[in-house]
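So the chains spell out like this:
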Amino acid sequence: MNKITRVIFQLILWLLVLIIIGLNQKDITQFLVENLLAYSCQAILIVALIYVLAPKLLFNKKHLQFVLYSVVLVFIAAFISSIMIRPHGGMGMPPPPGRGDKMLPSPIFINLLLITVSYVFATFLETFAFAQKKEEALIISKSEMIESELKFLKSQINPHFLFNSLNNIYSLSMIDSAKAQQSILYLSDMLRYVLYDCEKPVIAIEKEVTYIEDFIQLFMLKSSKKYPITTSFTIEDPKLQIAPMLLIPFVENAFKHSNIQNIEESSIVIRIHSTSTSVLFSIENTFKKGPIVKDGVGGIGIPNVKKRLLLLYPEAHSLEITENSNTFNVQLKMELNV
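Quantities reported herein were computed from a predicted structural model and do not represent experimental measurements.

Peer 1: With reference to specific residues and values, describe the UniProt feature "transmembrane region" (unreviewed entry) in the chain.
Peer 2: According to UniProt, the "transmembrane region" (unreviewed entry) feature falls on residues 7-24, 36-54, 66-88 and 108-131. Spanning residues 108-131, this segment combines 100% helix with 0% strand, and its end C-alpha atoms are found 34 Å apart.

Here's what the structure looks like:
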């Protein structure tokens, strides 16, 4: 609710309270007239709280000033509002109490109590509204930050793969021109995926798998050797939506560090199994111990994917990366549409 709505809501609320109390009086009209000033003071205090005291003092952490101003204004309002209360007897003085009579609270005390209750209630509502608005602003800010970071991470991924693919084609062009032409077709499909599909927040998993297949084919065209690469793709629902470019960095990392050219001592095994609600991805590759050499624009794949997974699927994924004596293994599971 905005400020005007909150003011109207509270004015109607306390007017209804006043009318309900008046229904128990002998003369409701006279009661409402006598308490008109008290209601007006309530209204002024509520407006002052919502438009001045709360935003300028309470929400700016000037708590002592807020309390002092509030106490003074409540007492002043209670005193002013008691002026219109009709005295009980002649000469402006109430009659002396009899033996069975009880001393009634003074009008200023009654008004002080009512105005204090309404003021505290209004303060509570303003605090609640402020907290809710602050939480919404925090959520919007966090959402914008996540979206901005995801765009930045995507911008890092795309040049990285393009660089590696062009290197492969360059090497192939010096060996076999026919295969180089075929590799260009594979690369064009990959670029189409990167330039168009990756601009969307989610894509069909079949497109991610197709990209991986093109990547593998592009690599295998480099040589006539039969590389020890094993793949198993079981896709129950090709239209299952996932974030783009989540799996390919692991594949690229495996090809970079597996020393796959040494076909007798290396291997890569890639498995993808997806249902209508989940994706299980695993990849295992051999590697040679030693310092990892990163190319000029590379080395950002896996850390990048970890960040994206935390942003996109914070409670719906598990990622296990294990390294043995000469084997690197990745197990990624994502629960989708839950």
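Peer 1: Describe in detail the nonpolar core, supporting the description with residues and values.
Peer 2: Judged by nonpolar contacts, the single largest core of 50 residues is most densely connected at Val-251, Phe-255, Phe-281, Ile-283 and Tyr-313. Top contributing element to this core by residue count: helix α7 (residues 205-220), with eight residues. Ignoring anything within four residues of it in the chain, the contact list for Phe-281 reads Leu-247, Phe-250, Val-251, Ile-270, Arg-271, Ile-272, Val-330, Gln-331 and Leu-332.

Peer 1: I'd like a rundown of a positive patch on the surface, residues and numbers included.
Peer 2: Taken together, the side chains of Lys-3, Lys-56, Lys-62 and Lys-133 make up a positively charged region of the molecular surface. Looking at the element boundaries, Lys-3 is found in helix α1 (residues 3-22).

Peer 1: Give me the lowdown on α1, citing residues and values where you can.
Peer 2: In a regular helix each residue adds 1.5 Å, so 20 residues correspond to 28 Å; α1 covers 29 Å between its end C-alpha atoms and thus fits that length. All of the buried residues in α1 are Arg-6, Val-7, Gln-10, Trp-14, Leu-18 and Gly-22. Buried residues in α1, looked at end-on, bunch into an arc of 145 degrees, giving them a common side. Summarising the geometry of α1, the exposed residues directed more than 90 degrees from the buried face are Ile-4 and Ile-20. Regarding α1, its N-cap is Asn-2, as a side-chain oxygen of that residue lies 3.4 Å from the backbone nitrogen of Ile-4 further along.

Peer 1: Residues and numbers for the packing of aromatic side chains, please.
Peer 2: Inspection of every chain in the model, using the stated rule, returns seven aromatic pairs. Look at Trp-14 and Phe-121: their rings are 6.1 Å apart centre to centre, the planes differ by 85 degrees, and that puts the pair in the edge-to-face class. Of the two residues, Trp-14 is situated in helix α1 and Phe-121 in helix α5 (residues 107-173); the sequence distance between them amounts to 107 residues. On the basis of relative accessibility, which here comes to 14%, the residue Trp-14 falls in the buried class. Summarising the aromatic geometry, the rings of Tyr-193 and Tyr-211 are spaced 5.0 Å apart at their centres and angled 45 degrees between planes, so their arrangement reads as tilted.

Peer 1: Describe in detail a nonpolar patch on the surface, supporting the description with residues and values.
Peer 2: On the surface, Ile-4, Ile-8, Ile-12, Leu-15, Leu-16, Ile-19, Ile-20, Leu-23, Val-47, Tyr-51 and Val-52 cluster together into a nonpolar patch covering about 960 Å² of accessible area. Those elements that provide at least two residues to the nonpolar patch are α1 and α3 (36-58). Top contributing element to the nonpolar patch by residue count: α1, with seven residues. Within the element layout of this structure, Ile-12 appears in helix α1.

Cut-offs and rules
- Residues numbered from 1 in each chain as written.
- Predicted model: local features only at pLDDT ≥ 70, side-chain atom pairs only at ≥ 80, totals over all residues.
- Heavy atoms only, no water.
- UniProt positions renumbered as here; feature names shortened; annotations may be inferred.
- Helix = DSSP H or I, 4+ residues; strand = E, 2+ residues; numbered from the N terminus.
- Core = buried A, V, L, I, M, F, W, Y, C linked by side-chain atoms within 4.5 Å.
- Buried < 20%, exposed > 50% of the residue type's maximum accessible area, 1.4 Å probe, protein only.
- Contact = heavy atoms within 4.5 Å.
- Patch = residues over 30% accessible without salt bridge, like charges linked within 9 Å, V, L, I, M, F, W, Y side chains within 5 Å.
- Areas by Shrake-Rupley, 256 points an atom, 1.4 Å probe, with all protein chains shown as cover.
- Salt bridge = Lys/Arg side-chain N within 4 Å of Asp/Glu carboxyl O.
- Lys, Arg positive; Asp, Glu negative; His and termini not counted.
- Charge placed at Lys NZ, Arg CZ, Asp CG, Glu CD.
- Expected span 1.5 Å × (residues − 1).
- Arc of directions from axis to C-beta.
- Polar contact = N/O pair within 3.5 Å; in protein donor to acceptor, adjacent residues only side chain to side chain.
- Phe/Tyr/Trp six-rings, centres within 6.5 Å; stacked < 30°, edge-to-face > 60°.

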